Amino acid sequence: MKQSTIFRVSIATGALAILAACGGDVAETDEGAAAASDEPAIIGERQSNFEGIGDAFKVIRGQLEGGAPDFAAIEGAATDINERAQRITEHFPADTSVDDGYDTEALATIWEKPAEFEKAAQDLVDASAEMITIAAGGDVAAVGEQVKAMGGTCKACHDEFRLDTD
Ligand code: HEC
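Residues numbered from 1 in each chain as written. Predicted model: local features only at pLDDT ≥ 70, side-chain atom pairs only at ≥ 80, totals over all residues. Heavy atoms only, no water.

Trainee: What should I look at first to understand the overall build of the chain in this one?
Mentor: Within the chain, the secondary structure is distributed over five helices and zero strands. Starting at the N terminus and walking to the C terminus, you meet the elements of the chain as α-α-α-α-α. For the chain, buried positions account for 37% of its 166 residues. Contacts in the chain between residues at least 24 apart in sequence constitute 81% of all its contacts with a sequence separation of at least 6. (Helix = DSSP H or I, 4+ residues; strand = E, 2+ residues; numbered from the N terminus. Buried < 20%, exposed > 50% of the residue type's maximum accessible area, 1.4 Å probe, protein only. Contact = heavy atoms within 4.5 Å.)

Listed below in structure tokens is the structure:
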């Protein structure tokens, strides 16, 4: 299903209390930062949403690193990613790219190629849904393959739509 909500500003429904406890090297851009008070709240919301996606993906990879993965934990994390992935396109109202001077890694290409951006988000929705099914099957090798497929959707979108700060 195509979503057509890319330019719709979602109403903030309560704080996404995500502390990114194990967020690792999550993005901290220090270039072109606008004063925090001028920054639309939606930018923080989408970053929190991505941090949640990043944390949940780490849970999945961490389970695979151990010898005996907890498939229920993998399924739960994939479900979290799936729900968050469905909200990605709601978080990108016009004029909130890095070119607008905000502390964000959202490239203007998101708004130049909205259909491709929506497809990139949908790819993660689909890959995470598949992971939910595969995890329930309890096959380590199959889960490992699906982790790669999911990671590919992160990379594909980041390569085209996220500022590379490295
Ligand atoms: C549809 C595109 C898209 C997909 C798919 C996607 N990302 Fe991102 N991600 C972005 C964009 C754009 C940003 C920058 C957001 C900003 O700074 O406003 C970002 C930022 C992030 C951040 C930094 C959040 C912060 O603290 O600012 C993390 C972590 C992240 N993504 C992880 C992931 C992981 C892991 C996946 C796959 C499981 C993934 N992303 C899939 C587009 C995507």
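Let's pick the thread back up.
Trainee: I keep staring at the pattern of salt bridges and nothing clicks. Help me out?
Mentor: Two side chains of opposite charge can pair, provided their charged atoms sit close to one another. Under the definition given, this model contains six salt bridges. Between E160 and K113 there is a salt bridge, with the nearest N and O atoms lying 2.8 Å from each other. Of this pair, E160 sits in helix α5 (residues 140–161) while K113 is found in the loop between α3 (109–112) and α4 (114–137), placing the two residues 47 residues apart along the sequence. By relative accessible area, which is 29% here, E160 ends up partly exposed. (Salt bridge = Lys/Arg side-chain N within 4 Å of Asp/Glu carboxyl O.)

Trainee: For this particular structure, what's the right way to read the packing of helix α1 (residues 41–65) against α5?
Mentor: Helices that pack against each other are described as a pair by the angle of their axes relative to one another and the distance between those axes. Interaxial distance between α1 and α5 falls to 11 Å at its minimum, and their mutual angle equals 150°. Where α1 crosses over α5, the two elements pack in a sense that is left-handed. When α1 is examined against α5, the residues F57, I60, R61 and L64 are found in contact with a partner set consisting of V140, V143, G144, V147, M150, G151 and C154. (Axes fitted to C-alpha atoms, helices over the stretch in contact; angles between N-to-C directions. Left-handed = near helix turned anticlockwise from the far one by under 90°.)

Trainee: Explain α1 here, please?
Mentor: Spacing of three or four residues puts side chains on the same side of an α-helix, whose turn is 3.6 residues. In this model α1 runs 36 Å from its N-terminal to its C-terminal C-alpha over 25 residues, within 8% of the 36 Å that 1.5 Å per residue would give. Each element contacted by the buried residues of α1 is listed here: α2 (71–87), α3, α4 and α5. (Expected span 1.5 Å × (residues − 1).)

Trainee: Looking at this model, I keep getting lost on the packing of aromatic side chains. Mind explaining?
Mentor: Given two aromatic rings, their pairing is described by the distance between the two centres and the angle made by the two planes. Overall, the coordinates contain four aromatic pairs when judged by the stated rule. Between F92 and F117, the aromatic rings sit 4.9 Å apart at their centres with planes inclined by 75°, giving edge-to-face as the arrangement. In this pair, F92 is assigned in the loop between α2 and α3 and F117 in helix α4, connecting sequence segments 25 residues apart. Put simply, the rings of F50, F92, W111, F117 and F161 touch in pairs and so form one group of aromatic residues. (Phe/Tyr/Trp six-rings, centres within 6.5 Å; stacked < 30°, edge-to-face > 60°.)

Trainee: Would you take a moment to explain a negative patch on the surface for this structure?
Mentor: Negative charge collects at one region of the surface, where D95, D99, D100 and E112 lie side by side. In this fold, D100 is placed in the loop between α2 and α3. (Patch = residues over 30% accessible without salt bridge, like charges linked within 9 Å, V, L, I, M, F, W, Y side chains within 5 Å. Areas by Shrake-Rupley, 256 points an atom, 1.4 Å probe, with all protein chains shown as cover. Lys, Arg positive; Asp, Glu negative; His and termini not counted. Charge placed at Lys NZ, Arg CZ, Asp CG, Glu CD.)

Trainee: Sorry if this is basic, but what is going on with unusual backbone geometry here?
Mentor: Both trends apply: most residues other than glycine have a negative phi, and most peptide bonds are in trans. You will see that D95, though not glycine, has its phi angle at about 65°, which is positive. Relative to the elements of secondary structure, D95 occurs in the loop between α2 and α3. Judged by relative accessible area, which is 55%, D95 ranks as exposed.

Trainee: I keep staring at the coordination of the iron atom of the ligand and nothing clicks. Help me out?
Mentor: Counting protein donors to the iron atom of the ligand gives just one, H158 (NE2), placed at 2.1 Å. Within the element layout of this structure, H158 appears in helix α5. (Donors = N, O, S within 2.8 Å, 3.2 Å for Na, K, Ca; no water.)

Trainee: Where do I start with the site of the ligand in this structure?
Mentor: The environment of the ligand is formed by 24 residues, the closest being E51, T104, C154, C157 and H158. Within the contact set of the ligand, an oxygen atom lies 2.7 Å away from a side-chain nitrogen or oxygen of R46. Contacts to the ligand include Q47, whose side-chain N or O atom sits 2.9 Å from an oxygen atom. Looking at the shell around the ligand, the elements that each hand over two or more residues are α1, α4 and α5. Examining the composition of the shell around the ligand, we find that seven residues originate from one element, α1, more than from any other. Of the residues that constitute the shell around the ligand, the class distribution is 15 nonpolar, five polar and four charged. (Near = heavy atom within 4 Å. Polar contact = N/O pair within 3.5 Å; in protein donor to acceptor, adjacent residues only side chain to side chain. Nonpolar A, V, L, I, M, F, W, Y, C, P; charged D, E, K, R; others polar.)

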